[in-house]
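Architecture at a glance
So you can see what is in the structure, the chains are spelled out below.
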Amino acid sequence: MPRFLHTADWQIGRQYASFAPDDAVALAEARISVIERIAGLATEETVDAVLVAGDVFDAQTVSDRTIRRLFNAMAAYSGPWILISGNHDAALAESVWTRAQRLEAVPANAHLALTAEVMEFGDAGFAILPAPLTQRHTMSDLTEWFDHAETTDGLLRIGLAHGSVQGILAEDENATNPISPERYQSAKLDFLALGDWHGTKQINSRTWYSGTPEQDRFKGNDPGNVLLVQIPEVGAEPQVEIRSIGQHPWIQMKERLAVSSDLEQLIARIEGQPEQAVVELRLEGEISLLGKQQLERALSVAEARFRSLGYDLSGLSLQPTEDDIAALHADGYVGDVIAELRDQQEGEGGEVARDAMAILASMLLEKQAQGGDA
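Thresholds applied
- Residues numbered from 1 in each chain as written.
- Predicted model: local features only at pLDDT ≥ 70, side-chain atom pairs only at ≥ 80, totals over all residues.
- Heavy atoms only, no water.
- Pairing = 2+ DSSP bridges.
- Helix = DSSP H or I, 4+ residues; strand = E, 2+ residues; numbered from the N terminus.
- Axes fitted to C-alpha atoms, helices over the stretch in contact; angles between N-to-C directions.
- Contact = heavy atoms within 4.5 Å.
- Core = buried A, V, L, I, M, F, W, Y, C linked by side-chain atoms within 4.5 Å.
- Buried < 20%, exposed > 50% of the residue type's maximum accessible area, 1.4 Å probe, protein only.
- Expected span 1.5 Å × (residues − 1).
- 1 Å grid on protein atoms, 1.4 Å probe; cavity = no way out; pocket = protein on both sides within 12 Å on 5 of 7 lines; lining within 4 Å.
- Points joined across faces, edges and corners; volume = space filled by probe spheres on them.
- Nonpolar A, V, L, I, M, F, W, Y, C, P; charged D, E, K, R; others polar.
- Salt bridge = Lys/Arg side-chain N within 4 Å of Asp/Glu carboxyl O.

Turning our attention to the sheet that holds strand E14 (residues 239-244). One open sheet holds the six strands; their spatial order is E4-E3-E2-E1-E13-E14, and the pairing between them is mixed. The open sheet has two edge strands, strand E4 (110-112) and E14, and neither has a second partner. Neighbour-to-neighbour, the strand axes of the sheet open up by a mean angle of 20°, direction not taken into account. Both strand E2 (residues 49-53) and strand E3 (residues 81-84) contribute to a ladder of four bridges, which runs parallel. What sits directly across from Val52, in E3, is Leu83. Its contacts with the sheet place helix H1 (residues 21-44) against strand E1 (3-7), E2, E3, strand E13 (225-230) and E14, and it is angled at close to 170° to E1.

Below is the structure:
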């Protein structure tokens, strides 16, 4: 019963310019460490091969060091790795792949399927039909040649491609790198392993996207997995298991606060998110001064627990309650200023009024903590 790991879209060398420097480095490093875990899983599951369906590298311009580190990360699995090029690392006449070969960085068990020709692994019982991209975009279906490809009788026919399945992922008939949804039938494939879609997705019983093994965007399409595929015999339906392997889930939260219980529930949800997550939080609504203090404390704790926490509080209107104002001892003129700023938050200069309110409240709280009078 041949067994495979199917993975894709490693995007090795990706940069995270919108993140803080330490987070950017950690997220880039995670793309290497997940390959080490894939290699460990492949060894543990004693698979016959690891199928890598394109976009191994994020760009043609990655450093020589990055190329070497990628192939070093694969060392824990000594069986065959079969890799095709995708749109980010297309097999051009001069490419990241030709550079890797010149560096002699590619180990003997890493098979670079950079041309459209059958690769047979007779002892393991399967043949690979690859459709590598040789340019970033093409308007033709590069898997079409599978239909006429001859393989030795008794070997599983495994397709390996990178692109968009027409009518399912590619709604536009002019979409680039198209793949026929019927290819598994017309080419008599036992399994078609696809890359390009960064989430795990089943197209039919024999056609799957594995998704990227390490999530890299805020999109709830089930990323962070590899697929363990078992095929009992030629013509049998594949048995596919989804294995979670990513380290950093990306979580987007958008919440609206209206009453104090909303804040309590929000803080509980933040605390319930997994450690090492990449979290983006956007808040709208109203919050009291006391509530703002509670929120800031919760965010401070979360920043230390998550891999990255980005938040946008510009949609929150600061609405001091009577208890807030009483606690600040904001009487007389200061109390009048607070009341005026509270009203101005709803007007044209609302953002300025919110900022002014927050600054004034902070000054009053600091003065109060120092034992002074408001």
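Grouped together as the largest cluster of nonpolar side chains are 36 residues, with contacts concentrated most on Trp10, Phe57, Phe71, Trp81 and Leu83. Among the elements of the structure, H1, E2, helix H2 (64-73), E3, helix H3 (96-102), E4 and E13 are those that each provide at least two residues to this core. No other element matches the seven residues that H1 contributes to this core. Apart from residues lying up to four places away in sequence, Trp81 is in contact with Trp10, Ile35, Ile38, Ala39, Val50, Val52, Met74, Asn109, Ala110 and His111. Among the nonpolar cores identified, the runner-up in size contains 27 residues, and Met253, Phe306, Leu318 and Leu360 belong to it.

Summarising the element assignment, Thr207 is placed in strand E12 (residues 207-209). The residues contacting Thr207, other than those within four sequence positions of it, are Tyr184, Leu192, Leu194, Lys201 and Gln202.

If you check helix H6 (residues 289-305), its first and last C-alpha atoms are 25 Å apart, about what 17 residues at 1.5 Å a residue would give, namely 24 Å. Within the span of H6, buried status applies to Leu289, Gly291, Leu295, Ala298, Leu299 and Ala302.

Along strand E10 (residues 191-195), five of the five residues are buried, which leaves the element largely enclosed by surrounding structure. The side-chain alternation of E10 yields two buried faces, one formed by Phe191, Ala193 and Gly195 and the other by Leu192 and Leu194. In this sheet, E10 lies alongside strand E7 (residues 156-162) in parallel orientation, the contact comprising five bridges. Note that in E10 the partner of Ala161 across the bridge is Leu194. Pairing geometry for E10 and E12, over three bridges, is parallel. Across the sheet, residue Leu194 finds its bridge partner in E12, namely Tyr209.

Within the structure shown, the criterion is met by two cavities of 30 Å³ or more. The calculated volume of the largest cavity comes to roughly 50 Å³. Lining the largest cavity, in full, are Ala131, Leu133, Thr138, Ser140, Asp141, Leu142, Thr143, Ala161, His162, Asn177, Pro178 and Ile179. Sorting the residues of the lining of the largest cavity by element identifies E7 and strand E9 (178-179) as the ones contributing at least two each. Quantified by volume, the second largest cavity comes out at close to 30 Å³. Considering the residues around the second largest cavity, the lining is formed by His198, Thr212, Gln215, Asp216, Arg217, Lys219, Asn221 and Pro223. A class-by-class count of the residues in the lining of the second largest cavity yields one nonpolar, four polar and three charged.

Ordered by their spatial adjacency, three strands build an open sheet running E15-E16-E17, and the pairing between neighbours is parallel. Whereas interior strands pair on both sides, the edge strands pair on one side only; in this sheet they are strand E15 (250-257) and strand E17 (308-318). Taken over all neighbouring pairs, the strand axes of this sheet differ in orientation by 5° on average, direction set aside. The pairing of E15 with strand E16 (residues 278-287) spans eight bridges and is classified as parallel. Along E16, the bridge assignment pairs Gln252 with Glu280. Packing against the sheet, helix H5 (residues 260-272) makes contact with E15 and E16, and its axis sits at approximately 175° to E15. Sheet contacts for H6: E16 and E17; angle to E17, the most-contacted strand, approximately 170°.

Evaluation of the coordinates by the stated rule reveals 15 salt bridges. Among the salt bridges present, the one from Glu45 reaches Arg3, with a minimum N-O distance of 2.6 Å. Of this pair, Glu45 sits in the loop between H1 and E2 while Arg3 sits in strand E1, and the two are 42 residues apart along the sequence. Assessed through its relative accessible area of 13%, Glu45 is described here as buried.

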